[in-house]
Amino acid sequence: MMTTAKNRICLWYDGDAEEAARFYASTFPDSAVDAVHRAPADYPAGKRGDVLTVEFRVMGIFS
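The rules behind the values
One numbering rule holds for all chains: residues counted from 1, following each sequence as written. Predicted model: local features are reported for residues with pLDDT of at least 70 only, side-chain atom pairs are reported and counted for 80 or more only, and whole-chain, interface and lining totals are derived from all residues. Derived side-chain values reflect all non-hydrogen atoms in the structure, with water molecules and hydrogen atoms excluded from consideration. In this text, helices come from DSSP runs of H or I with a minimum length of four residues, and strands from runs of E with a minimum of two, each type numbered from the N-terminal end. Whether a residue is buried, partly exposed or exposed follows from its accessible area with a 1.4 Å probe, protein chains only, as a fraction of its type maximum: under 20%, in between, or over 50%, in that order. Every residue pair with non-hydrogen atoms within 4.5 Å of one another is taken to be in contact. All accessible-area figures derive from a Shrake-Rupley calculation using a 1.4 Å probe, and residue coverage is judged against the displayed protein chains alone. Between any two strands, at least two bridges found by DSSP are needed for them to pair. Two rings from Phe, Tyr or Trp (for Trp, the six-membered ring) form a pair when their centres are within 6.5 Å of each other. A pair whose planes differ by under 30 degrees is stacked, one over 60 is edge-to-face, and the rest are tilted. One speaks of a salt bridge when a side-chain nitrogen belonging to Lys or Arg is within 4 Å of a carboxyl oxygen belonging to Asp or Glu.

Visitor: Mind showing me how you'd approach the overall build of the protein here?
Guide: In terms of helices and strands, the protein carries 1 helix and 3 strands. The secondary structure elements of the protein, listed N-terminal to C-terminal, are α-β-β-β. When the backbone C-alpha atoms are referred to their principal axes, the protein occupies close to 45 × 20 × 15 Å. Sorting the 63 residues of the protein into buried and exposed places 19% on the buried side. Put simply, 39% of the contacts in the protein that link residues at least 6 apart link residues at least 24 apart. Roughly 5100 Å² of accessible area belongs to the protein as shown, and the carbon and sulfur atoms make up 56% of that amount.

Visitor: Would you take a moment to explain the sheet that holds strand β1 (residues 32-38) for this structure?
Guide: Working definition: the strands of a sheet are paired by backbone hydrogen bonds and lie parallel or antiparallel to each other. If you trace the 3 strands from one edge of the open sheet to the other, you get β1-β2-β3, paired in antiparallel fashion. Since the sheet does not close on itself, it has two edges, and those belong to β1 and β3 (61-62), each with one partner. Bridging between β1 and strand β2 (residues 51-58) involves 6 bridges; their strand directions are antiparallel. Bridging across to β2, R38 finds its partner in V51.

Visitor: I keep staring at the packing of aromatic side chains and nothing clicks. Help me out?
Guide: Here the distance between the centres and the angle between the planes together describe a pair of aromatic rings. One pass over the structure, following the stated rule, counts 2 aromatic pairs. Measuring from centroid to centroid gives 6.3 Å for Y24 and F56, while their planes differ by 10°, and the two rings are stacked. Of this pair, Y24 sits in helix α1 (residues 17-27) while F56 sits in strand β2, and the two are 32 residues apart along the sequence. In this structure F56 comes out as buried when scored by relative accessible area, which is 7%. Three or more aromatic residues joined by ring pairs make a cluster, and in this case those are F23, Y24 and F56.

Visitor: Looking at this structure, I do not really get the pattern of salt bridges. What am I missing?
Guide: Pairing is possible between side chains that carry opposite charge, provided their charged atoms lie close to one another. Under the criterion given, the structure shown has 4 salt bridges. R22 is paired through a salt bridge with E18; the nearest N and O atoms lie 3.1 Å apart. Residue R22 and its partner E18 are located together in helix α1, separated by 4 residues, close to a single helical turn. Residue E18 is classed as buried on the basis of its relative accessible area, which comes to 19%. Among the charged side chains, a salt-bridge network with shared partners connects E18, R22 and R38.

See below:
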């Protein structure tokens, strides 16, 4: 039975968000990286392909 969490996970990383999400997903059951959103082009603070956001779930709770 799936229940809806009353809270959502929100973590901020300056650079290693994808690596951290994959670590959590490999550590806890019912966890996975659902999407990695990358910059489509260069921008003032970075370049094309940089990870902007990562959607993942830990123990069934979505970020």
